[in-house]
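Architecture at a glance
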Protein chains: 2
Amino acid sequence: MTRQRRVILDELRKDKSHPSADELYETVRKYMPRISLGTVYRNLEILSELGEIQKLEIGGTLKRFDGNPKKHYHIRCMNCGRIDDAPIALMEHIENEIDGMTDYKIFGHRLEFIGLCPDCFDKAADRWQ
Amino acid sequence: MTRQRRVILDELRKDKSHPSADELYETVRKYMPRISLGTVYRNLEILSELGEIQKLEIGGTLKRFDGNPKKHYHIRCMNCGRIDDAPIALMEHIENEIDGMTDYKIFGHRLEFIGLCPDCFDKAADRWQ
DNA sequence: TTACTTGCAAATCGTTTGCGATATA
DNA sequence: TATATCGCAAACGATTTGCAAGTAA
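Scoring rules and cut-offs
The residue count restarts for each chain, going from 1 along the sequence in the order it is written. Each chain takes a letter, starting from A, and each ligand takes a number, starting from 1, following the order in which they are written. Restriction of local features to residues with pLDDT of at least 70 applies here, the model being predicted, together with a cutoff of 80 or more for giving and counting side-chain atom pairs; totals for whole chains, interfaces and linings are based on all residues. Each side-chain value is worked out from all heavy atoms of the structure, with water and hydrogens disregarded. The contact criterion used throughout is that any non-hydrogen atoms of two residues lie within 4.5 Å. Buried area is a sum: the accessible area each of two parts loses on coming together, probed at 1.4 Å, counted once for each and added. Basic side-chain nitrogens of Lys or Arg form a salt bridge, by our definition, when they fall within 4 Å of a carboxyl oxygen of Asp or Glu. Here a polar contact is taken to be a pair of N or O atoms separated by no more than 3.5 Å, where protein atoms must pair a possible hydrogen donor with a possible acceptor and residues adjacent in sequence count only if both atoms sit in side chains. Each residue is tested against the molecule or strand, and it is near if at least one of its non-hydrogen atoms lies within 4 Å. Numbering goes from the N terminus for both helices and strands, where a helix is a DSSP run of H or I of at least four residues and a strand is a run of E of at least two. The rule is simple: take the accessible area with a 1.4 Å probe, protein chains only, and divide by the maximum for that residue type; under 20% is buried, over 50% is exposed, in between is partly exposed. Arc definition: it is the arc formed by the directions from the helix axis to the C-beta atoms. Buried Ala, Val, Leu, Ile, Met, Phe, Trp, Tyr and Cys residues form a nonpolar core when they are joined through side-chain atoms within 4.5 Å.

1. Focus on the interface of chain A and chain B
Facing the 38 residues of chain A at the interface are 38 residues of chain B. Both sides together, the interface formed by chain A and chain B hides about 3100 Å², and carbon and sulfur atoms give 68% of it. The interface formed by chain A and chain B includes 2 salt bridges. Note that Glu112 of chain A is salt-bridged to Arg110 of chain B, the shortest N-O span being 3.5 Å. Run the count over chain A and chain B and you get 10 residue pairs in polar contact (both at pLDDT 80 or more).

Next up, the structure:
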């Protein structure tokens, strides 16, 4: 565990905004100005393989990362891309439900809500005043 | 509606494999050898804004497209990226469930199962013989 | 005829990788 | 000391875009 990997993990754990690699790079750079973006990508990959963090392959082009490795769902703002945890319990049973219905061997599932975050909703509402 | 847009839509409607833009480009090229990849991308974008097709922003790097514009869920092979429709009914109620629990205004949700397709499962099983 | 769309090629964006130098265990 | 990791910069793959020419309504 290098100094770089430590800082990346710590900062991601603190950050509740599910940052992209680039956003996390900007944060980490404040502590280690010479760190490279490649190092951030490499360590995020390694940390997610170790199960310390999660890679979120969610709508949109760029990947986002979650310092919380436990299974949970997300809400995504369709306007600004902000991501929050979804306040809804895990539905483990739906994997059993589908199991006999398909030839796939199921290993997991992903649920994502799409909507407008409070900020973007307010801005949209203003336009109708 | 240009000839290009017509062919792209027709071919996507016929294709049950949820192809990527590039895969669809190869198919369409058989009918229109001079069509460009840019045209395919542009039309897929337009058709999905019109609600004629769906853009699937699902795990993995590249986007895939679905000629069926109705809401439904998908299963993705974690090994080869193949995507099939998930044989499970829509759960509209979960949007109500989350509605009071968050400051977001919810507009939809997306559910994706992750597993091994029959082919990849067989190959993986062979390795243990 | 006029706005929209095309084919082409270059640009862009996020991400990955090869390298020689450096740090960790 | 041996191996893993680093910073840097160049490469990569998917997607987008500017432009002049062509096409649909």
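2. Looking at the protein's contact with DNA strand D
Within the structure, DNA strand D sits among 16 residues, and Gln4, Arg34 and Thr39 of chain A together with Tyr41 and Lys63 of chain B are positioned closest to it. In the model, a phosphate oxygen of DNA strand D is placed 3.3 Å from a nitrogen or oxygen of the Ser36 of chain A main chain. Asn43 of chain A places a side-chain nitrogen or oxygen 3.0 Å from a phosphate oxygen of DNA strand D. When residues of the surface near DNA strand D are traced back to their parent elements, those giving at least two are helix H1 (3-14) and helix H3 (37-49) of chain A together with helix H3 (37-49) of chain B. Here the surface near DNA strand D takes 4 residues from H3 of chain B, the largest share from any one element.

3. So, helix H2 (residues 21-29) of chain A
Residues and elements named next belong to chain A. All of the buried residues along H2 are Ala21, Leu24, Tyr25 and Val28. The buried residues of H2 occupy an angular sector of 110° when the element is viewed end-on, so they sit on one face. Buried-residue contacts for H2 involve H1, H3 and strand E2 (64-66).

4. Side note on the nonpolar core
Formed by 30 residues in total, the largest nonpolar core has its most connected members in Phe113 of chain A together with Phe113 of chain B. Those residues within four positions of Phe113 of chain B in sequence are excluded, and the remaining contacts are Ile94, Glu95, Ile98, Ile106, Gly108 and His109 of chain A together with His74, Ile75, Arg76, Ala86 and Ile88 of chain B.

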